[in-house]
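Tertiary structure, described
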Amino acid sequence: MADFVQTTVNKTAVRDLAVPIATVTSFNTLIESVIDDNPFGCVGYTGSDGVPVEPVIRNREHYTAKVNFLNGEGKRVGNVSLQSPTIAAFEANAAEVLNNAALATAMGATDALRNGPGETYYAQLKCHDPTGDDYYVTFTRKTVRVSSYQDDAIRTAVETWADAVPALA
């Protein structure tokens, strides 16, 4: 029988944020700044299909809105969680639920409110290192994760950048 031989060493590092990112707008601003400014020195390349690929791209993302339904005494009688593929869908879906009188009635509620602190944001960026390796930087409201990297210089570059971003302390 043949043995498995390790060919690469992929690493993961996580930074827990002291304070969650407050709003989806500030979250998106952070993500867009990484894509636009390319602080990790990633490089573009041509994919196997011959199509050019930017140095940093959104690989995956989803946003979860939370809506609480309250009765006339202010007590929560139900809630809805809505996972959406984009920020626009996140906002539209939450607005739809907030304005849905039939749903509120079915819940036995007189009011519906967004549960901002309970909402979650997730965006994974794919970065192409000058060495040719692809790695991922994943942002949530509470963490930043660097994964699938081999060279510790990648983690160091992301960490140095994050140290200079007040929201990522």
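Residues numbered from 1 in each chain as written. Predicted model: local features only at pLDDT ≥ 70, side-chain atom pairs only at ≥ 80, totals over all residues. Heavy atoms only, no water.

1. Quick look at the overall build of the protein chain
How we decide: Per the convention used, a helix needs a DSSP run of H or I reaching at least four residues, while a strand needs a run of E reaching at least two, with both numbered from the N terminus. In this setup the radius of gyration rests on C-alpha atoms only. A globule is expected at 2.2 Å times the number of residues raised to 0.38. A simple rule labels every residue: compare its accessible area, found with a 1.4 Å probe on the protein chains alone, to the largest value its type can have, and call it buried under 20%, exposed over 50%, or partly exposed in between. Accessibility throughout is a Shrake-Rupley quantity obtained with a 1.4 Å probe, and a residue counts as covered only by protein chains that appear here.
Helices and strands together make up the secondary structure of the protein chain, namely four helices and nine strands. Ordered by position from N to C terminus, the α and β elements of the protein chain give β-α-β-β-β-β-α-α-β-β-β-β-α. Rg of the C-alpha trace for the protein chain: 20 Å, well past the compact-globule value of 15 Å for 169 residues, more than 25% over. C-alpha extents for the protein chain along the principal axes are approximately 65 × 45 × 35 Å. Buried residues in the protein chain amount to 34% of all 169 residues. When the accessible surface of the protein chain is split by element, carbon and sulfur atoms take 52% of a total near 9700 Å².

2. Examining helix H2 (residues 87–98)
Under the convention used in this document: A helix is expected to span 1.5 Å for every residue after the first. Taken from the helix axis, the directions to the C-beta atoms give the arc we talk about. When checking whether two residues touch, look at their non-hydrogen atoms; a contact exists if any pair is within 4.5 Å.
With 12 residues, H2 ought to run about 16 Å at 1.5 Å a step, and its terminal C-alpha atoms sit 16 Å apart, in line with that. Those residues of H2 that fall on the buried side of the exposure criterion are Ala89, Phe90, Ala94 and Val97. Buried residues of H2 fall within an arc of 130 degrees about the axis and therefore sit on the same side. Of the residues in H2, the exposed ones pointing more than 90 degrees away from the buried face are Ala88 and Glu96. Packed against the buried residues of H2 are helix H1 (24–37), strand S4 (56–70), strand S5 (76–84), helix H3 (101–107), strand S6 (111–114) and strand S7 (120–128).

3. Some details on the nonpolar core
Let me state the cut-off plainly: Residues grouped as a nonpolar core are buried Ala, Val, Leu, Ile, Met, Phe, Trp, Tyr and Cys residues, joined through side-chain atoms within 4.5 Å.
In this structure, Phe40, Tyr135, Phe139, Trp161 and Leu168 are the most contacted members of the largest nonpolar core, which totals 38 residues. Residue assignment for this core shows that the elements contributing at least two residues are H1, S4, S5, H2, S7, strand S8 (134–140), strand S9 (143–149) and helix H4 (152–163). In contact with Tyr135, other than residues within four places in its own chain, are Phe40, Cys42, Leu125, Lys126, Cys127, Asp129, Val146, Ser147, Ser148, Tyr149, Ile154 and Val158.

4. Some words on the side chain of Asn71
Relative to the assigned elements, Asn71 resides in the loop between S4 and S5. Each residue touching Asn71, except ones within four places of it in the same chain, is listed here: Val77, Gly108, Ala109 and Thr110.

Everything listed here is a matter of geometry and, on its own, says nothing about what the molecule does.
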